[in-house]
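Here's the letter readout for the chains.
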Amino acid sequence: MNDENHSQTAAFIWSVADLLRGDFKQSQYGRVILPFTLLRRMECVLEPTREKVLAAAKAHVNVAEGVREKLLLKAAGQEFYNTSPLTLARLSDSQTLSDLVSLLQAFSKDAREIFEHFHFEDYLEQLNANNLLYQVAKRFAGMDLSPQRISNFGMGLIFEELIRRFAESSNDTAGEHFTPRDIVHLTTSLVLTGQEDKLKPHGIVTIYDPTAGTGGFLSEGDEYIQHVSEGVDTSLFGQELNPESYAICKADMLIKGKIIGNIKLGNTLSDDQHAGEHFDFMLSNPPFGVDWKKVQKRITDEHTQKGHDGRFGPGLPRVSDGSLLFLMHLVSKMRSKQDGGSRIGIILNGSPLFTGGAGSGESEIRRYLLERDMVEAIIALPTDMFYNTGIATYIWILSNRKPAERKGRVQLINATQRFSKMRKSLGSKRNYLDERQIDEIVRIYGSFTEGEESKIFPTQAFGYRRITVERPLRLNFQASPERIARLDDEKPLEKLEDAERKALKRACAALDGARLYRDREAFTKDLKKALKAENVKLGAPQMKSVLNALSERDPEADICTDKHGNPEPDTSLRDNENVPLGESVFDYFEREVKPHAPDAWIDESKRDELDKEIGIVGYEIPFNRHFYVFKPPRPLEAIDADLKACTDRIKAMIEELSA
């Protein structure tokens with residue numbers, strides 16, 4: 001069966017939706033059609049061994065459940081079985097609901113669980129209440145979905161088409177669980193292109209998606225490999241949080257004849273159900289900007305207790321966006337270089353490129369990836385590509401086994417202008433990539449050359465050292481009535497008794513209120529004499545508060561020094577400079593800072609935690625800056641001409657109305 005026939009079969013199956021109109025919302029069609037399609041396909045697959053399974057079920061009634069399960073699976077010759085004598089064709093028209101429920105209950109555990117997560121029985125009851133159940137069941141009973149007519153691979157294509165139709169019919173929430181097929185196709189092509197050495201005949205390749213959704217990436221990866229190679233067996237692994245999406249994914253795997261036990265249900269970040277496993281290829285579209293507050297304790301514990309032996313050793317991003325946690329989770333699943341290495345394709349929003357300054361969790365994660373030379377390419381996609389958001393998105397391609405020409409370098413590809421407009425929007429999805437555009441983007445990536453849409457940088461180009469630049473504290477002092485009044489605002493002085501506070505103010509007032517001191521040492525000396533005369537004894541924090549109240553910043557004043565004679569820094573003038581990695585911080589300081597602030601100095605105590613050098617290392621990828629093209633403003637004459645033409649039109653309209 002060719003692709004056109006697959007599409008026709010999918011369209012024919014979806015036409016059952018005609019029966020549902022009026023009684024079901026459009027977004028619910030898939031919740032009826034997908035499980036019924038699965039049920040009919042499973043019936044057709046089991047048909048040749050049906051009698052054998054029924055006989056085995058009868059013979060092994062009293063056998064222990066685990067042993068009986070294995071015996072029945074062996075009798076079926078499949079990953080699942082059914083012990084009911086009923087089929088869709090044999091359902092009673094008077095008790096269709098109870099027959100169907102009985103049929104579902106007779107499936108093996110893994111298969112039965114899929115229908116449970118679909119909440120299929122709820123929809124069967126709804127169909128029954130609307131007198132539609134028998135009609136729908138009969139329509140599916142008449143479909144020939146047997147393996148003799150449609151291979152597992154072909155049935156997978158049909159099911160994928162049905163999933164796509166479901167996604168598009170429920171586009172209000174689709175983006176949470178469905179990645180548009182064009183984006184899936186592009187990401188998969190980028191990850192798998194040029195990987196012929198891994199796709200050798202009779203080999204086994206593993207593909208993993210930690211946010212599997214309905215299985216789009218896993219199916220596309222499998223399909224791609226089947227097209228470009230012969231005799232390669234693909235093992236598909238995934239984990240999904242949403243029960244319905246998990247059910248669809250598992251159903252898709254079952255239809256393709258894959259091991260459905262490799263698809264797990266649960267939160268990937270807090271409950272990794274593929275712990276300790278490693279994969280050849282990994283593809284993922286985690287939720288954009290999702291917070292991880294609910295699982296914060298588990299993730300923080302793993303970070304602090306396991307360090308680099310866990311998944312989140314380099315650092316943790318802010319709790320409002322967990323995108324980089326998914327990325328680090330995937331990195332932890334990479335095979336070693338000696339074992340063939342791994343490649344990752346992950347779709348992220350813009351924040352992982354630049355949020356978080358030097359030393360932050362986000363920056364440390366970028367540092368870890370770039371310093372280990374794992375980032376191969378980042379591709380900027382057009383906006384309005386997803387069902388539930390129009391934001392800018394990026395595909396990151398990572399590898400721990402880069403080809404020689406890519407070593408130490410990162411390719412940035414600006415594909416934001418390569419898209420086609422959809423005839424009809426699907427939620428926020430207004431643009432899509434056609435086959436030609438996907439091929440062009442993959443070609444730009446594969447050629448690894450610079451051009452308008454492709455820039456290549458050494459990994460170090462994204463790194464910098466954040467140095468702290470200090471300026472000396474310069475203060476003048478005066479015991480004027482206005483400044484003496486400020487003493488009441490100083491917290492450390494609030495502990496003084498009323499008599500002490502009055503004595504303090506008298507001592508200050510005894511100084512020459514008109515005199516402006518520009519030397520802190522001279523002022524402190526005179527102040528102490530006045531305090532002694534009033535018998536006021538102050539502790540160090542209180543003395544500091546008095547000086548604070550009576551002082552103001554003054555660029556003409558002498559520099560305030562500590563007890564060792566070193567200048568004290570003025571915290572209000574403190575600044576940071578980002579020095580490109582590889583450049584001497586002192587050379588940069590002399591060139592960029594000294595000419596503007598001759599009295600400034602570098603705080604050499606601020607050092608990086610990892611390399612102990614001056615300045616905190618940071619990494620960011622300012623994608624848009626590298627592709628910015630300056631457009632000069634229009635000449636004033638042209639703007640004036642436009643304004644005049646506009647006002648002339650308005651005048652003409654007013655004249656017409658008043659005529």
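The sections below set out a description of the structure shown in this document. (Residues numbered from 1 in each chain as written. Predicted model: local features only at pLDDT ≥ 70, side-chain atom pairs only at ≥ 80, totals over all residues. Heavy atoms only, no water.)

It is worth spelling out the overall build of the protein chain at this point. Within the protein chain, the regular secondary structure consists of 25 helices and 17 strands. Its C-alpha atoms give the protein chain a radius of gyration of 35 Å, clearly above 26 Å, the size a compact globule of 659 residues would have. For the protein chain, the spread of C-alpha atoms along the principal axes amounts to about 110 × 85 × 60 Å. The buried share among the 659 residues of the protein chain stands at 51%. In the protein chain, the proportion of contacts linking residues at least 24 apart, taken out of those at least 6 apart, comes to 77%. Summing over all exposed atoms, the protein chain offers an accessible surface of approximately 32200 Å²; the carbon and sulfur share of this is 49%. (Helix = DSSP H or I, 4+ residues; strand = E, 2+ residues; numbered from the N terminus. Rg over C-alpha atoms; globule rule 2.2 N^0.38 Å. Buried < 20%, exposed > 50% of the residue type's maximum accessible area, 1.4 Å probe, protein only. Contact = heavy atoms within 4.5 Å. Areas by Shrake-Rupley, 256 points an atom, 1.4 Å probe, with all protein chains shown as cover.)

Two elements in contact, helix H3 (residues 29-46) and helix H10 (residues 152-169), have axes whose closest approach is 10 Å; the angle formed by their N-to-C orientations is 170°. Viewed along their axes, H3 and H10 adopt a mutual orientation that is roughly antiparallel. Packed against H3, whose contacting residues are Gly-30, Arg-31, Ile-33, Leu-34, Thr-37 and Arg-41, the element H10 presents Asn-152, Met-155, Phe-159, Leu-162, Ile-163 and Phe-166 at the interface. Split into classes, the residues belonging to the contact of H3 with H10 amount to seven nonpolar, three polar and two charged. (Axes fitted to C-alpha atoms, helices over the stretch in contact; angles between N-to-C directions. Parallel < 35°, antiparallel > 145°, perpendicular 65-115°, else oblique. Nonpolar A, V, L, I, M, F, W, Y, C, P; charged D, E, K, R; others polar.)

A few words on the environment of Ile-413. Inspection of the secondary structure puts Ile-413 in strand S8 (residues 409-414). Since its relative accessible area comes to 0%, Ile-413 is described here as buried. Residues contacting Ile-413, with those up to four places away along its chain left out, are Ile-378, Ile-379, Ala-380, Ile-444, Tyr-445, Glu-453, Phe-623 and Phe-627.

Attention shifts here to the pairing of strand S9 (residues 420-426). As defined by bridge partners, S9 adjoins strand S10 (residues 429-432) across three bridges and the pair is classed as antiparallel. Each bridged residue has a counterpart across the sheet, and for Lys-421 the counterpart in S10 is Asn-431. A loop of two residues connects S9 with S10, the two strands running antiparallel in sequence, and Gly-427 in this loop sits at a positive phi of about 65°. (Pairing = 2+ DSSP bridges.)

On to a nonpolar patch on the surface, then. On the surface, Leu-636, Ile-639 and Leu-643 cluster together to form a nonpolar patch covering roughly 290 Å² of accessible area. Taking relative accessible area as the criterion, Leu-636 reaches 62% and is therefore assigned exposed. (Patch = residues over 30% accessible without salt bridge, like charges linked within 9 Å, V, L, I, M, F, W, Y side chains within 5 Å. Salt bridge = Lys/Arg side-chain N within 4 Å of Asp/Glu carboxyl O.)

Glancing now at the sheet that holds S8. Taking strand neighbours across the sheet as the criterion, the nine strands line up as S3-S2-S1-S4-S5-S7-S6-S8-S11 in an open arrangement whose pairing is mixed. The sheet is open, and its two borders are formed by strand S3 (263-265) and strand S11 (454-458), each paired with just one other strand. Across the sheet, the axes of successive neighbouring strands diverge by a mean angle of 15°, strand direction being ignored. Of the strands in this sheet, strand S4 (281-284), strand S5 (343-349), strand S6 (375-380) and strand S7 (393-399) touch helix H11 (residues 181-192), which is tilted by about 145° from S5. On the sheet, helix H18 (residues 435-447) packs against S5, S6, S7, S8 and S11 and is oriented at approximately 155° with respect to S8.

Before going further, it helps to spend a moment on helix H8 (residues 120-129). Of all the positions in H8, only Phe-120, Tyr-123, Leu-124 and Leu-127 are classed as buried. Seen end-on, H8 carries its buried residues on one side only, within an arc spanning 105°. Looking one or two residues beyond H8, the residue adopting positive phi is Asn-131, at roughly 55°. (Arc of directions from axis to C-beta.)

Next up on the list: the pairing of S7. For a regular strand, side chains alternate in direction, first toward one face of the sheet and then toward the other. The buried fraction of S7 amounts to seven of the seven residues, a majority that puts the element mostly inside the structure. Side chains of S7 alternate between two faces, with Thr-393, Ile-395, Ile-397 and Ser-399 and Tyr-394, Trp-396 and Leu-398 buried alike. Note: S5 against S7, seven bridges, orientation antiparallel. The residue of S7 that forms the bridge with Leu-348 is Tyr-394.

For the rest of this paragraph, the subject is the environment of Arg-318. Topologically, Arg-318 is positioned in the loop between helix H14 (296-306) and helix H15 (323-331). Counting along the chain gives 25 residues from Arg-318 to Lys-293, while the straight-line C-alpha distance between them is 9.7 Å. If we ignore the near neighbours within four places in the chain, the residues touching Arg-318 are Trp-292, Thr-355, Gly-356 and Glu-362.

It is worth spelling out the pattern of salt bridges at this point. For the structure on display, the rule yields 50 salt bridges. Put simply, Asp-197 and Arg-401 hold a salt bridge, and the shortest N to O gap is 3.4 Å. Placement of the pair is Asp-197 in the loop between H11 and strand S1 (204-209) and Arg-401 in the loop between S7 and S8, with a sequence separation of 204 residues. For Asp-197, a relative accessible area of 38% corresponds to the partly exposed category.

To continue, consider unusual backbone geometry. Phi at Asn-131 is positive, roughly 55°, even though this residue is not glycine. Turning to its location among the elements, Asn-131 is positioned in the loop between H8 and helix H9 (133-141). Classification of Asn-131 as exposed rests on a relative accessible area of 64%. Non-glycine residue Asn-535 carries a positive phi angle of around 60°. Along the chain, Asn-535 falls in the loop between helix H21 (520-533) and helix H22 (540-549). Residue classification places Asn-535 among the exposed residues on the basis of a relative accessible area of 62%.

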